[in-house]
Amino acid sequence: MVPVGQRISQGDPDARFYKRKNGEKSKLGYQNAFATDIKEGIITRVITIPGSDNMADRIKPLIEDKVVPELTLDGEFSTGELVSLAQDKGLIYNVPKRVIGERGVYPKSAFQYDYDLDAYICPENNILSRSSQSGENTIYRGSAKTCHNCPVLGECTKSKSKVRAISRDKYEQAWEVHDEYIQSDQYQFAKVIRGILAEGKFFEANILYGLTIARYVGLILMHAQAQMTAVVINLKRFLKVIKNRKDKANSIPDKSKAPLTA
């Protein structure tokens with residue numbers, strides 16, 4: 001059977017089927033993304049791709065070329081590659097913390113990596129040293145003597161060897177830097193602004209202007225529909241921005257006409 005993402009519709013060959021959340025049936029369509037200016041709330045870029053394509057592939061060039069000094073995105077773009085690339089380019093990259101499925105009393109996050117030792121320190125203050133390489137991941141293991149005598153071994157690992165091991169990928173350092181950054185006020189502010197501006201734009205485009213439905217056939221026309229939707233939203237925003245500026249200007253008293261006081 002042909003994979004969902006590779007199936008082609010006879011009615012719209014440019015569109016692609018993509019898997020939906022919560023086990024719902026696959027849907028034929030496209031993905032649209034808006035880039036929004038944080039200062040005035042104006043849509044500055046529209047991206048349209050087939051439903052099964054990876055939007056992160058379109059974001060990567062924006063980071064590589066540092067088209068903007070700051071990007072605020074949702075969890076879909078929380079990948080080690082993009083986080084690391086943004087740090088290398090000196091770009092502020094506001095994405096949520098990676099989600100790690102961890103179980104047990106001592107998950108990986110409870111272990112502290114020591115850069116000087118190139119080793120992990122476990123919660124019991126024992127060392128897991130570099131042991132082997134598995135592809136792009138480095139494996140760190142505790143010693144058999146230490147782990148076998150550990151009072152919390154059963155809560156730390158279910159390994160048959162009874163030795164705790166931790167895998168560290170090539171983006172781990174970038175994630176550690178990012179995990180510290182998301183505690184900052186700058187990230188929290190960007191997160192709030194995205195909720196107000198970006199989510200508001202998507203609601204307006206999808207609910208008020210029906211961008212959830214492709215009105216024409218083909219990627220070019222779908223992109224045109226998304227662009228025209230953005231134009232309408234921007235026109236409304238421009239009028240509001242102009243009004244706000246006029247109101248602000250009118251609220252400032254003209255000192256040249258102020259009465260003289262003795």
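Anything mentioned here points back to the structure above.
So, here is what we can say about the structure in this document. (Residues numbered from 1 in each chain as written. Predicted model: local features only at pLDDT ≥ 70, side-chain atom pairs only at ≥ 80, totals over all residues. Heavy atoms only, no water.)

Examining the nonpolar core
So, step 1. One finds Ile 59, Ile 63, Phe 77 and Tyr 93 to be the most contacted residues of the largest nonpolar core, which totals 20 residues.
So, step 2. Those elements that place two or more of their residues in this core are strand 3 (43-50), helix 1 (56-64), helix 2 (80-89) and helix 5 (172-181).
So, step 3. If near-sequence neighbours (up to four positions away) are discounted, Phe 77 is found in contact with Met 55, Ala 56, Ile 59, Leu 82, Tyr 93 and Val 95.
So, step 4. By size, the runner-up hydrophobic cluster in this structure holds 14 residues, among which are Tyr 113, Tyr 120, Cys 122 and Leu 153. (Core = buried A, V, L, I, M, F, W, Y, C linked by side-chain atoms within 4.5 Å. Buried < 20%, exposed > 50% of the residue type's maximum accessible area, 1.4 Å probe, protein only. Helix = DSSP H or I, 4+ residues; strand = E, 2+ residues; numbered from the N terminus. Contact = heavy atoms within 4.5 Å.)

Considering the pairing of strand 9 (residues 137-142)
So, step 1. Relative to strand 9, strand 8 (residues 127-134) runs antiparallel, the two being bridged by six bridges. The residue bridging Arg 130 from the neighbouring strand is Tyr 140, located in strand 9.
So, step 2. In the sheet, strand 9 pairs with strand 10 (residues 165-168) via four bridges, with the strands oriented antiparallel. The partner of Thr 138 across the bridge, within strand 10, is Arg 168. (Pairing = 2+ DSSP bridges.)

Concerning the sheet that holds strand 6 (residues 112-114)
Strand pairing in a sheet takes place through backbone hydrogen bonds and is either antiparallel or parallel in direction.
So, step 1. The strand order 6-7-8-9-10 describes an open sheet built from five strands, whose pairing is antiparallel. Edge positions in the sheet fall to strand 6 and strand 10, since each of these pairs with one other strand and no more. Strand-to-strand, the axes of this sheet are offset by a mean angle of 35 degrees, without reference to chain direction.
So, step 2. Two elements, strand 7 (residues 119-121) and strand 8, share three bridges in a ladder whose sense is antiparallel. Looking at strand 8, one finds that Tyr 120 is bridged to Leu 128.
So, step 3. Contacts from helix 5 reach strand 6, strand 7 and strand 10, with the element oriented near 85 degrees to strand 10. (Axes fitted to C-alpha atoms, helices over the stretch in contact; angles between N-to-C directions.)

So, empty space enclosed by the protein
So, step 1. One pass over the full model with this rule turns up one cavity of 30 Å³ or more.
So, step 2. Taken together, 17 residues make up the lining of the largest cavity; nearest its centre are Cys 122, Asn 126, Cys 147, Cys 150 and Cys 156.
So, step 3. Those elements that place two or more of their residues in the lining of the largest cavity are strand 8, helix 3 (144-148) and helix 4 (153-156).
So, step 4. The class makeup of the residues in the lining of the largest cavity is eleven nonpolar, four polar and two charged. (1 Å grid on protein atoms, 1.4 Å probe; cavity = no way out; pocket = protein on both sides within 12 Å on 5 of 7 lines; lining within 4 Å. Points joined across faces, edges and corners; volume = space filled by probe spheres on them. Nonpolar A, V, L, I, M, F, W, Y, C, P; charged D, E, K, R; others polar.)

A word on the packing of helix 1 against helix 2
Describing two packed helices takes the angle between their axes plus the distance from one axis to the other.
So, step 1. Remark: helix 1 packs on helix 2, axes separated minimally by 9 Å, with the N-to-C direction vectors making an angle of 10 degrees. Taken together, helix 1 and helix 2 sit at an angle that is classed as roughly parallel. Between helix 1 and helix 2 lies a crossing of left-handed hand. Together, Ala 56, Lys 60, Ile 63 and Glu 64 of helix 1 and Glu 81, Leu 82, Leu 85, Ala 86 and Lys 89 of helix 2 make up the contact between the two elements. (Parallel < 35°, antiparallel > 145°, perpendicular 65-115°, else oblique. Left-handed = near helix turned anticlockwise from the far one by under 90°.)

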